[in-house]
Amino acid sequence: MSERTLAIIKPDAVKKNVVGDIINRYEQAGLKPVAIKLIQMSQSVAEGFYAVHKARPFFGSLCSFMSSGPAVVLVLQGDNAIKKNRELMGATDPAKADAGTIRKAHGANIEFNAVHGSDSPETAQFEIGYFFPGMEIFS
Ligand code: CMP
């Protein structure tokens, strides 16, 4: 079933100049970017995005990292897009990620882990709407 997911190429990956490699991986896996932009989040925008993690000890540092430089936010569309993107990304901790995954290739550690992807249809709906009005999404 065709669905949409939100992906973020995080500030660490943008700094490393691997945006093209990561987008190529999405496309090769059949995920089509239907919305895309380069943005620098403020601390409060990052806090709103990750509000579900508010109580976690890493919340402050995660939001500082996410607002530390430009990031690419994208909507990816394709069959089983949410699950497929999570497989492409690999485990949250790059040290535990399978060979061939984006986090294995480009993540430094559990915080600076190169990419984000929605983890459920409900989350995808919230996350896509957080960054993109309907008129910026093409299909
Ligand atoms: P992401 O998929 O964007 O979702 C939440 C983010 O929090 C996660 O990737 C990591 O960047 C970060 N994160 C998760 N667990 C930890 C942790 N134990 N320590 C620091 N950062 C974490």
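Below, the structure is looked at part by part. Quick caveat, the model's predicted, so the values are computed rather than measured.

**Quick word on the environment of tyrosine 130**
Within the element layout of this structure, tyrosine 130 appears in helix H7 (residues 121-131). What tyrosine 130 contacts, discounting residues up to four positions off in sequence, is Ser44, Val45, Gly48 and Phe49. Among the polar contacts made by the side chain of tyrosine 130, one reaches the main-chain amide nitrogen of phenylalanine 49 at a distance of 3.3 Å.

**Quick look at the sheet that holds strand E3 (residues 71-79)**
The strands making up a sheet are joined through hydrogen bonds of the backbone, oriented either antiparallel or parallel. Pairing is antiparallel in the open sheet, where four strands are placed in the order E2-E3-E1-E4. Each edge of the open sheet is held by one strand with a lone partner, namely strand E2 (32-39) and strand E4 (115-117). Going from strand to strand, the sheet's axes swing by 20° on average, the running direction of each strand aside. The pairing of E2 with E3 spans seven bridges and is antiparallel. Bridge pairing links alanine 35 to valine 75 in E3. Across the face of the sheet, H7 comes into contact with strand E1 (2-9), E2, E3 and E4 while running at roughly 60° to E1.

**Observations regarding the site of the ligand**
The local shell around the ligand consists of Lys10, Tyr50, His53, Phe58, Leu62, Thr92, Arg103, Ile110, Glu111, Asn113 and His116. One of the backbone N or O atoms of isoleucine 110 is found 3.4 Å from an oxygen atom in the ligand. In this structure, histidine 116 approaches the ligand through a side-chain N or O atom, which is 2.9 Å from an oxygen atom. For the ligand, the protein covers 79% of the area, taking 460 Å² as the surface of the free molecule. Tallied by class, the residues present in the shell around the ligand amount to four nonpolar, four polar and three charged.

Procedures and definitions
Residues numbered from 1 in each chain as written. Predicted model: local features only at pLDDT ≥ 70, side-chain atom pairs only at ≥ 80, totals over all residues. Heavy atoms only, no water. Helix = DSSP H or I, 4+ residues; strand = E, 2+ residues; numbered from the N terminus. Contact = heavy atoms within 4.5 Å. Polar contact = N/O pair within 3.5 Å; in protein donor to acceptor, adjacent residues only side chain to side chain. Pairing = 2+ DSSP bridges. Axes fitted to C-alpha atoms, helices over the stretch in contact; angles between N-to-C directions. Near = heavy atom within 4 Å. Areas by Shrake-Rupley, 256 points an atom, 1.4 Å probe, with all protein chains shown as cover. Nonpolar A, V, L, I, M, F, W, Y, C, P; charged D, E, K, R; others polar.

Keep in mind these numbers describe shape, not what the thing actually does.
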